[in-house]
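# Architecture and fold: a report
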Amino acid sequence: MAALDPNTYEWPEGFLWGSATAAAQIEGAAHEDGKEDSIWDAYARVPGAIAKGHTPEVAVDHYHRMPDDVRLMKELGLSSYRFSTSWARVKPGDREVNQAGLDFYSRLVDELLEAGILPWLTLYHWDLPQALEERDGWANRDTAYRFRDYASAVYDALGDRVTHWTTFNEPLCSSLIGYAAGEHAPGRQEPRAALAALHHQHLAHGLAADLLRERGAQRIGITLNLTNALPNDPADPVDQEAARRLDAIWNRAFLEPLLLAAYPADFLEDVRAHDFEALVQPGDLETIAAPLDFLGVNHYHDDNVSGHPLPPGTPPGVRPDVNPTSSPFVGSEYITFPRRDLPVTAMGWEVNPDGLRTLLVRLGREYPNMPPLYVTENGSAYEDEVGEDGRVHDAERVAYLRAHLSAVAEAIEEGADVRGYFVWSLLDNFEWAWGYDKRFGIVRVDYDTQVRTPKDSALEYSRIIGRVRAET
Ligand code: FCB
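Residues numbered from 1 in each chain as written. Predicted model: local features only at pLDDT ≥ 70, side-chain atom pairs only at ≥ 80, totals over all residues. Heavy atoms only, no water.

Right, let's talk about the sheet that holds strand 5 (residues 219–225) for a bit. If you walk around this closed barrel you meet the eight strands as 1-2-3-4-5-7-10-11, and the pairing is parallel. Across the sheet, the mean angle separating the axes of adjacent strands is 25 degrees when strand polarity is ignored. Packing of helix 7 (residues 142–158) onto the sheet brings it into contact with strand 3 (118–124) and strand 4 (164–169), and relative to strand 3 it is tilted by some 160 degrees. (Pairing = 2+ DSSP bridges. Helix = DSSP H or I, 4+ residues; strand = E, 2+ residues; numbered from the N terminus. Axes fitted to C-alpha atoms, helices over the stretch in contact; angles between N-to-C directions. Contact = heavy atoms within 4.5 Å.)

Set out below in structure tokens:
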């Protein structure tokens, strides 16, 4: 079948066209108006934790430039904006509510509504108050109850205007990668704490979802980063087993408690040595499986998985972050890497739009009670250059965007219930442990002047959106 052209495809009525960001990556003002350290502020002070010693202190100064940034979204024609609220701003030190912090989000929501843009709010995009980390962070079950209190404070302030509530962004990263691989804040390498974090984040999701529902939130969901785990050699049982383990811990350990109120049996077996089941108390799974109105899917690339050690002389392109000794995959000895016949982005991630199509189609087929799907993140980092005309002609990002939108269209044609797409990211920003060098924005940010310049990818996205808007 010829690829569907995102510019001419008949997108379903009401399809949401969005862009996504996260508080710690864009806001800056890290210690202003009462905000205190999040784990990312603290982690950035650990020598060597973040590339070039970059910090989220100033980021792209969105805290001070918010009205201009919303104006830019409006000019691009976005119908929704996915952002996160910062727990450490709303409840610094997880103590009392900080009105100045809430006021910022309240103004943001007003600006968005005024501009005709649907606010798509995420409560947790990785930035736990450092004060809670000092009490063992997500390894402490009590943090789940603290999260519910924080959710309640945000709902009190914004529930009259925000309809779409996402509890967590990519809990896999904020549990396993932060607490076992140690590559993200808080930088711990403790497999049992990582599994505790995983379960406690699920619990926190369920507790908050219940509370939000009771208070009258209209749409409640969660965003997961899901992958297609493919055996490097499909005929090799060692690679097949490695792919199964990755699928269990990366996808099903998240999907199944949420959708089926149970952890997968093979995952429980894989993590038995860490006494995972002792963490799960009676009633937890019922809480976790609170009804979902949507599932957010973040997808950047598939994972090619092998259970064999990397052969000596393996060519570059293998993800440096996946080494069996600091593996997020708790006790597993396998590696994932890009397919070698595919191009890669500046992150070293393979470019494989068909993986997005496959994933979206699979999700509805494998889980009959799957709620509507939204692609809440997809995008690419490239080594952008500013041309003599002052513009960024990011042809690779344009091609990535078009190909992935085409894959979404194909998934819809195959029956996937996809209701929206949020490109990552609106602006170049603080890319976690990689600092500011990896640029994912469709809008360039000059980090010296904070000037924003839409790249060609922003203009192309705007054209695609504009056509749809003009017709609906
Ligand atoms: C995702 C994160 C997001 C961004 C992209 C590139 O895992 O949710 O904040 O860093 O990756």
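What follows is about the packing of aromatic side chains. By the definition in use, this model includes 38 aromatic pairs. Aromatic ring contacts, followed pair by pair, group Trp40, Tyr43, Trp126, Phe430, Trp432, Tyr436 and Tyr447 into a single cluster. (Phe/Tyr/Trp six-rings, centres within 6.5 Å; stacked < 30°, edge-to-face > 60°.)

This brings us to the pattern of salt bridges. Scanning the model with the defined rule gives 42 salt bridges in all. Between Asp41 and Lys35 there is a salt bridge, with its nearest N and O atoms 2.8 Å apart. For the pair Asp41 and Lys35, a shared accessibility class is recorded, and that class is buried. As a salt-bridge pair, Asp61 and Arg65 come within 2.8 Å of each other at their nearest N and O atoms. Exposure remark for Asp61: the relative accessible area of 13% places this residue in the buried category. Taken together, the shared-partner salt bridges connect Glu241, Arg244, Arg245, Asp247, Arg252, Asp266, Asp270, Arg362 and Glu366 into one network. (Salt bridge = Lys/Arg side-chain N within 4 Å of Asp/Glu carboxyl O. Buried < 20%, exposed > 50% of the residue type's maximum accessible area, 1.4 Å probe, protein only.)

Glancing now at the pairing of strand 11 (residues 418–424). The element strand 11 is largely enclosed, with a buried count of six among its seven residues. Pairing analysis gives five bridges linking strand 1 (residues 16–20) to strand 11, with the strands arranged parallel. Following the sheet pairing, Ser19 is matched in strand 11 by Val423. Bridging between strand 10 (residues 373–377) and strand 11 involves two bridges; their strand directions are parallel. Looking at strand 11, one finds that Val375 is bridged to Tyr421. In this region the chain leaves strand 10, passes through helix 14 (residues 395–413) and returns to the parallel neighbour strand 11; the handedness of that crossover is right-handed. (Right-handed = clockwise from strand over helix to strand, strands pointing away.)

Turning our attention to the packing of helix 8 (residues 171–181) against helix 9 (residues 191–215). In contact at an axis separation of 7 Å, helix 8 and helix 9 are set at 160 degrees when each is read in the N-to-C sense. Between helix 8 and helix 9, the angle is such that the two are roughly antiparallel. Both helix 8 and helix 9 take part in a crossing whose hand is right-handed. Within the contact between the two elements, helix 8 uses Pro171, Ser174, Ser175, Leu176, Tyr179 and Ala180 and helix 9 uses Pro191, Ala193, Ala194, Leu195, Ala197, Leu198 and Gln201. (Parallel < 35°, antiparallel > 145°, perpendicular 65-115°, else oblique. Left-handed = near helix turned anticlockwise from the far one by under 90°.)

Right, let's get into the sheet that holds strand 6 (residues 229–231). Overall, mixed pairing links the three strands, which are arranged 6-8-9 in an open sheet. Strands with a single pairing partner mark the edges of an open sheet, and in this sheet they are strand 6 and strand 9 (335–337). Strand-to-strand twist of the sheet, defined as the mean angle between neighbouring strand axes without regard to direction, takes the value 40 degrees. As paired elements, strand 8 (residues 303–306) and strand 9 share three bridges and run antiparallel to each other. Residue pairing in the sheet places Asn304 in a bridge with Phe337 of strand 9.

Looking now at helix 7. With 17 residues, helix 7 extends 25 Å between its outermost C-alpha atoms, agreeing within 8% with the 24 Å of an ideal straight helix rising 1.5 Å per residue. Three or more residues of helix 7 are buried, namely Thr143, Ala144, Phe147, Tyr150, Ala151, Ser152, Ala153, Val154, Tyr155 and Leu158. In the core, the buried residues of helix 7 are packed alongside helix 4 (87–90), helix 5 (99–114), strand 3, helix 6 (130–133), strand 4 and helix 9. (Expected span 1.5 Å × (residues − 1).)

For the rest of this paragraph, the subject is unusual backbone geometry. Backbone torsion omega between Ala185 and Pro186 reads 5 degrees, so that peptide bond is classified as cis. If you trace the backbone, Pro186 turns up in the loop between helix 8 and helix 9. Trp424 connects to Ser425 through a cis peptide bond whose omega is 5 degrees. By the element assignment, Ser425 lies in the loop between strand 11 and strand 12 (443–445). Located in the positive-phi region is Asp33, a residue other than glycine, with phi close to 50 degrees.

Next up on the list: the environment of Ala29. With respect to the helices and strands, the residue Ala29 is situated in the loop between helix 1 (23–26) and helix 2 (39–43). A relative accessible area of 8% means that Ala29 is categorised as buried. Remark: the alpha-carbon pair of Ala29 and Asp61, spanning 32 residues in sequence, is separated by 6.9 Å.

Summarising the element assignment, Tyr150 is placed in helix 7. On the accessibility criterion, Tyr150 (0% relative accessible area) is buried. On a C-alpha basis, the gap between Tyr150 and Pro454 in space is 35 Å, while along the polypeptide they are 304 residues apart. Apart from residues lying up to four places away in sequence, Tyr150 is in contact with Thr85, Ser86, Trp87, Val90, Lys91 and Leu123.

Locating Arg141 in the fold gives a position in the loop between helix 6 and helix 7. On the basis of relative accessible area, Arg141 is assigned to the buried category, the value being 17%. Polar side-chain contacts of Arg141 include one of 3.5 Å to the side chain of Gln281. The residues touching Arg141, leaving out its near neighbours within four places in the chain, are His199, His200, Leu203, Leu279, Gln281 and Asp284. (Polar contact = N/O pair within 3.5 Å; in protein donor to acceptor, adjacent residues only side chain to side chain.)

A few words now on the environment of Thr122. Within the secondary structure layout, Thr122 lies in strand 3. Along the backbone, Thr122 and Thr223 are 101 residues apart, and their C-alpha atoms lie at a distance of 8.7 Å. Ignoring sequence-local partners within four residues, the contact set of Thr122 consists of Arg82, Phe83, Ser84, Thr85, Thr166, Thr167, Phe168 and Asn169.

All right, on to the packing of helix 8 against helix 10 (residues 237–260) then. Close contact between helix 8 and helix 10 brings their axes to 11 Å; oriented N to C, the two are set at 125 degrees. When the axes of helix 8 and helix 10 are compared, the pair comes out oblique. Pair helix 8 / helix 10 crosses with right-handed handedness. Between helix 8, through Pro171, Leu172, Ser175 and Leu176, and helix 10, the contact on the second element is made entirely by Ile249, Trp250 and Phe254.

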